[in-house]
Amino acid sequence: MSVEFLRNLWYFALPARALRKKQLVHKLMLGEPILLGRTEAGDAFALRDLCPHRGVPLTAGRILDGTVECAYHGWRFKPSGQCAFIPSLVGEEGVEPSKIRVRSYPLIERNGLIWVYMAQDPASGAAPTSEIPTLPIGADAKPRLIEAQMFPCEIDHAVMGLMDPAHGPFVHKVWWWRSAKSIHAKAKKYAPIPRGFTMVSHKPSSNSFLYKLLGGDVTTEISFELPSVRVEHIRAGIHEVVGLTTCTPITDDETEVTQTFFWTMNWVAPFKPIVRHIARTFLGQDRTMVTIQAQGLKFDPRLMLIQDADVPAMWYHRLKKEWTTSQREARDFVNPVPETTLRWRS
Ligand code: FES
Ligand SMILES: [Fe+2]
């Protein structure tokens with residue numbers, strides 16, 4: 001069974017700082033080999049990581065004068081994908097390098113993050129029809145912390161884990177957070193946003209020790225947007241924390257989950273190793289769970305989604321379906337998520 005990935009959307013590719021000048025990085029995204037590169041001038045770009053000549057990964061080559069030079073026969077490609085030079089030509093062959101192209105992918109670098117647009121028909125070269133997610137941060141805010149882990153599961157199980165409120169007390173059982181004993185009834189208001197939904201701004205559970213540490217009057221707002229972006233916006237007095245979680249499908253059964261944190265409190269700097277440890281622990285707990293889950297999914301069991309704790313997961317499937325249909329029919333996307341209150345115990 002092969003997975004159908006959502007197209008015409010932007011996926012998180014890399015932290016900007018993981019791509020230095022003159023560097024070429026290979027990455028699989030949605031099963032496609034992608035080259036992420038940065039010119040001497042500092043411009044980032046994305047190409048299909050296959051030389052159109054003989055299929056050699058272009059990342060085996062190097063950046064030279066603003067182009068990518070293939071390692072095999074030295075063909076050179078501009079960041080636009082157009083071939084700029086073929087060293088073997090004497091000029092009389094009637095071969096026009098500029099007519100040769102390697103597929104290029106639209107790329108946006110913003111707030112220290114690199115996003116790549118995965119079109120329905122990447123060969124067409126058509127302009128993107130959607131935007132990268134808007135984050136509730138300033139134009140020049142940079143990530144304070146990025147933690148990525150590879151989950152051995154298909155994209156849907158990674159995404160459903162992000163929005164699943166009922167696993168917290170079981171999977172994230174650590175003394176300083178909460179335990180199964182702290183379970184209590186909750187009611188949360190939800191509203192649609194352009195390509196997803198948001199758990200409207202609320203006071204977090206008083207049992208969250210971590211929130212207490214932030215002090216002040218704490219409110220959080222958690223949103224989800226297609227294809228696989230979760231944004232948690234915490235406000236505490238004058239301070240703000242924004243946690244971005246993205247799931248990028250690597251192959252059918254591997255998904256990279258990346259957590260990126262922005263915060264305004266400079267006093268956190270010396271505690272960064274602790275924050276990293278916490279982020280790594282949390283993500284690792286989710287990763288361990290989907291690894292165990294994979295053992296069961298091998299048998300292709302029927303799965304259940306129940307009211308109300310699994311309603312966000314139901315919405316995710318409806319959003320996906322509507323996105324695919326609206327793209328196929330070339331019409332506007334109509335958000336199927338209602339404004340409502342969900343109740344569960346966690
Ligand atoms: S394979 Fe790339 S130049 Fe020949
Ligand atoms: Fe989790």
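Residues numbered from 1 in each chain as written. Chains lettered and ligands numbered in written order. Predicted model: local features only at pLDDT ≥ 70, side-chain atom pairs only at ≥ 80, totals over all residues.

Can you walk me through helix H1 (residues 155-162) in this structure?
Turn by turn, an α-helix covers 3.6 residues, leaving residues three or four places apart pointing in a common direction. Counting buried positions along H1 yields six of eight residues, so the element is predominantly enclosed. For H1, the complete set of buried residues consists of Ile155, His157, Ala158, Val159, Met160 and Gly161. The secondary structure elements touched by the buried residues of H1 are strand S12 (145-151), strand S17 (239-251), strand S18 (254-263), helix H4 (272-297) and helix H5 (311-328). (Buried ≥ 20, exposed ≤ 12 C-beta atoms within 10 Å, placed from the backbone. Helix = DSSP H or I, 4+ residues; strand = E, 2+ residues; numbered from the N terminus. Contact = placed C-beta atoms within 7 Å.)

Can you walk me through the sheet that holds strand S1 (residues 9-15) in this structure?
The strands making up a sheet associate through hydrogen bonds between their backbones, and the pairing can be parallel or antiparallel. Strand order across the open sheet formed by three strands is S1-S11-S10, with antiparallel pairing between neighbours. Two strands in the sheet have a free side with no partner beyond their single neighbour: S1 and strand S10 (107-110). Here the average twist between neighbouring strands, direction ignored, is 30°. Taken together, the four bridges between S10 and strand S11 (residues 113-118) define a ladder with antiparallel strand orientation. Paired with arginine 110 across the strands is leucine 113, a residue of S11. (Pairing = 2+ DSSP bridges. Axes fitted to C-alpha atoms, helices over the stretch in contact; angles between N-to-C directions.)

Please explain the sheet that holds S12 as it appears in this structure.
Ordered in space as S12-S18-S17-S16-S15-S14-S13-S19, the eight strands form an open sheet in which the pairing is antiparallel. Two strands in the sheet have a free side with no partner beyond their single neighbour: S12 and strand S19 (340-345). The average angle at which neighbouring strand axes cross in this sheet is 20°, direction not considered. In this sheet, strand S16 (residues 229-236) lies alongside strand S15 (residues 218-225) in antiparallel orientation, the contact comprising eight bridges. Within the sheet, the bridge partner assigned to valine 218 lies in S16 and is alanine 236. Seen against the sheet, H4 touches S12 and S18 and runs at an angle of roughly 20° to S12.

Any chance you could explain the domain arrangement of the protein here in plain terms?
Interfaces are often sized by the amount of accessible area the parts lose when they come together. Here the domain parsing of the protein yields domain 1 (9-124) and domain 2 (145-345). Put simply, the middle of domain 1 and the middle of domain 2, counted by C-alpha atoms, are 33 Å apart. Contacts between the two partners involve 10 residues from domain 1 and, on the opposite side, 12 residues from domain 2. Residue assignment for the side of domain 1 that touches domain 2 shows that the elements contributing at least two residues are S1 and strand S2 (24-29). In terms of residues, the side of domain 1 that touches domain 2 owes the most to one element, S1, which gives four residues. (Domains from an automatic or database assignment.)

Explain unusual backbone geometry to me, please; I cannot follow it from the model alone.
Among all residues except glycine, the phi angle is most often negative; among peptide bonds, the trans geometry is most common. Put simply, leucine 226 and proline 227 share a cis peptide bond, and its omega is 5°. With respect to the helices and strands, proline 227 occurs in the loop between S15 and S16. Note the cis peptide between glutamine 307 and aspartate 308, where omega equals -20°. Along the chain, the position of aspartate 308 falls in the loop between H4 and H5.

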